[in-house]
Amino acid sequence: MIKIGVINVSDRASAGIYEDIPGKAVVETLNEYLVSEFETVYKVIPDEQDLISQTLIEMADVHGCCLVVTTGGTGPALRDVTPEATEAVCQKMMPGFGELMRTESLKYVPTAILSRQTAGIRNHTLILNLPGKPKAIRQCLDAVFPAIPYCIDLIEGPYLICNQDIMREFRPK
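Presented here is a report on the structure given in the accompanying data block. The structure displayed is predicted, hence computed values, not measured ones.

Under the definition given, this model contains 0 disulfides. You can see C90 has no disulfide; the closest cysteine sulfur is in C151, sitting 11 Å from it. Left unpaired, C162 is separated from the closest cysteine sulfur, that of C66, by 11 Å. Accessibility expressed as a relative area gives 3% for C162, which makes it buried.

The next thing to look at is the environment of E37. Relative to the helices and strands, E37 resides in the loop between α2 (21–33) and β2 (38–45). Under the relative-accessibility criterion, E37 is labelled exposed at 63%. For the pair E37 and L160, spaced 123 residues apart in sequence, the C-alpha to C-alpha distance is 8.8 Å. Those residues in contact with E37 that sit more than four places away from it in its chain are M1 and I2.

The next subject is the layout of surface pockets. When its volume is computed, the largest pocket comes out at roughly 780 Å³. Looking at the largest pocket, it is lined by 32 residues, and the ones nearest its centre are T74, G75, P131, G132 and K133. Elements supplying a minimum of two residues to the lining of the largest pocket: β1 (2–9), α1 (11–14), α2 and α6 (134–144). The biggest single contributor to the lining of the largest pocket is α6, with 4 residues. The class makeup of the residues in the lining of the largest pocket is 13 nonpolar, 12 polar and 7 charged.

So, about the sheet that holds strand β3 (residues 67–71). Strand order in the open sheet formed by 6 strands is β2-β1-β3-β6-β5-β4, and the pairing between neighbours is mixed. Two strands lie at the open edges of the sheet, namely β2 and β4 (92–93), each paired on one side alone. Sheet topology note: the β1/β2 ladder contains 8 bridges and is parallel. By the bridge assignment for β2, I4 is matched with T40.

Secondary-structure assignment places E156 in the segment after α7 (148–154). Using a relative accessible area of 63% as the deciding quantity, one classes E156 as exposed. For E156 and T111, which are 45 residues apart along the polypeptide, the C-alpha to C-alpha distance reads 36 Å.

Cut-offs and rules
- Residues numbered from 1 in each chain as written.
- Predicted model: local features only at pLDDT ≥ 70, side-chain atom pairs only at ≥ 80, totals over all residues.
- Heavy atoms only, no water.
- Disulfide = S-S within 2.5 Å.
- Buried < 20%, exposed > 50% of the residue type's maximum accessible area, 1.4 Å probe, protein only.
- Helix = DSSP H or I, 4+ residues; strand = E, 2+ residues; numbered from the N terminus.
- Contact = heavy atoms within 4.5 Å.
- 1 Å grid on protein atoms, 1.4 Å probe; cavity = no way out; pocket = protein on both sides within 12 Å on 5 of 7 lines; lining within 4 Å.
- Points joined across faces, edges and corners; volume = space filled by probe spheres on them.
- Nonpolar A, V, L, I, M, F, W, Y, C, P; charged D, E, K, R; others polar.
- Pairing = 2+ DSSP bridges.

Purely spatial values, then, with no claim about function.
Laid out in structure tokens, this is it:
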């Protein structure tokens, strides 16, 4: 079974102060994009770098997720440490993902330059950091997802098939 991890990094959502809308938005979007059956491994955790890193490692190494998508913790605030946690556990960083997400977000808000979204590879897992706002999550995923199935192919993960009416993956011939 294909496994995809979703982690909402949020002090307030993890404490139950408000509903976990960003993580649910990721799952909803992935269910629209993919026709491949997959199981979601899901967590809501506070903005603690060690805990974020530990959770990323667990999803990649223990659960065998081919893709782990985080939401939140990508801004400049003192507690925003998701990119640092991601960089600490990845063997390779994939800066093109963050560059494209920021470029896409700049079409909507000038503060997109404050975002530090990134992506990296841990063994056979692609880790993607998204912002925490549901609208921005969809905009960013729409921009980068066409490259994700092929990236997962290249790191020897499972073959993901998209719903061609919603999302067209790109695989060079």
